[in-house]
Each structure stands twice: as structure tokens, then as C-alpha cells.
Amino acid sequence: MALSHLRSTEKSLKKDDRVAEEYKATITTIVERGYLLMVPSDEQLPNNVWYLPLFPVLRMDKTTTKVPIVFHYAAKCNGISLNDIIYDGLKYR
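Residues numbered from 1 in each chain as written. Predicted model: local features only at pLDDT ≥ 70, side-chain atom pairs only at ≥ 80, totals over all residues. Heavy atoms only, no water.

Novice: What exactly am I supposed to notice about the layout of surface pockets here?
Specialist: If a probe as big as a water molecule is rolled over the atoms, it shows which places are left empty. Taken as a whole, the largest pocket holds about 940 Å³ of empty space. In this structure, the largest pocket is lined by 27 residues; those nearest its centre are L6, L36, L37, L52 and L54. Secondary structure elements with two or more residues in the lining of the largest pocket: α1 (2-13) and α2 (17-32). No other element matches the seven residues that α1 contributes to the lining of the largest pocket. In the lining of the largest pocket, the residues fall into 20 nonpolar, three polar and four charged. (1 Å grid on protein atoms, 1.4 Å probe; cavity = no way out; pocket = protein on both sides within 12 Å on 5 of 7 lines; lining within 4 Å. Points joined across faces, edges and corners; volume = space filled by probe spheres on them. Helix = DSSP H or I, 4+ residues; strand = E, 2+ residues; numbered from the N terminus. Nonpolar A, V, L, I, M, F, W, Y, C, P; charged D, E, K, R; others polar.)

Novice: Can you help me understand α2 in this one?
Specialist: Note that an α-helix has 3.6 residues per turn; residues three or four places apart therefore point the same way. With 16 residues, α2 extends 22 Å from end C-alpha to end C-alpha; this agrees with the ideal 22 Å at 1.5 Å per step. Those residues of α2 that fall on the buried side of the exposure criterion are V19, Y23, T26, I27 and I30. Viewed end-on, α2 has its buried residues packed into an arc of 100°, placing them on one side of the element. The exposed residues of α2 that point more than 90 degrees off its buried face are D17, E21, K24 and E32. Lining the buried residues of α2 we find α1, β1 (54-56) and β2 (69-71). The distance from a side-chain oxygen at the start of α2 to the backbone nitrogen of R18 is 3.1 Å, and the residue carrying that oxygen is D16. Of the residues flanking the end of α2, it is G34, one or two places downstream, whose phi is positive at about 85°. (Expected span 1.5 Å × (residues − 1). Buried < 20%, exposed > 50% of the residue type's maximum accessible area, 1.4 Å probe, protein only. Arc of directions from axis to C-beta. Contact = heavy atoms within 4.5 Å. Polar contact = N/O pair within 3.5 Å; in protein donor to acceptor, adjacent residues only side chain to side chain.)

Nothing here speaks to function; it is geometry throughout.
Put into C-alpha cells, the structure is as follows:
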């Protein structure tokens, strides 16, 4: 599922070099801050692993980041999304 999302994102980024560059810059910032990391191809994966797809959202009305990255928590894999299994926390009245 995440790989399919990645391919779709790559395809859309190939259509606009400026958007692709801003997306790359935003991903670089996220990696530098330690929020995202590349998993080495030779790393043994745990039994329960969840790949969270990302996608760009174009915001031409913004003067700062025009291509923020969205983590797609609602993406379903085998009928389940991360949103479905994450603890909601306390409900306040």
C-alpha cells in the first residue's frame, strides 16, 4: 500500500520540477530533524511494521512552505488504517 502511494507521488512530482524540489527540501528538513529516517535495505524488519505513506499538498496561497508533507494516517492496508488502531486519548466535555 505504501509503495503504491510512493509510486503515485513520484509520478505526480515528475510533472512539476518546482514542486518536486520543494517536496525534496521539505523531506530533507524532516529527516534532518529526526522525524523520518530511511530504513537500510539490509535491516531485518520486525514482525509488526507499519509504513506510513506521505504525500505533498500544494498550497500556492502560502508564502512559507507551499508544499507541506502530509502523513496519510487514514491510508488502509488490509482494511485497517493507523487511525483505526491508534488510541484516541481522553474525551473532554
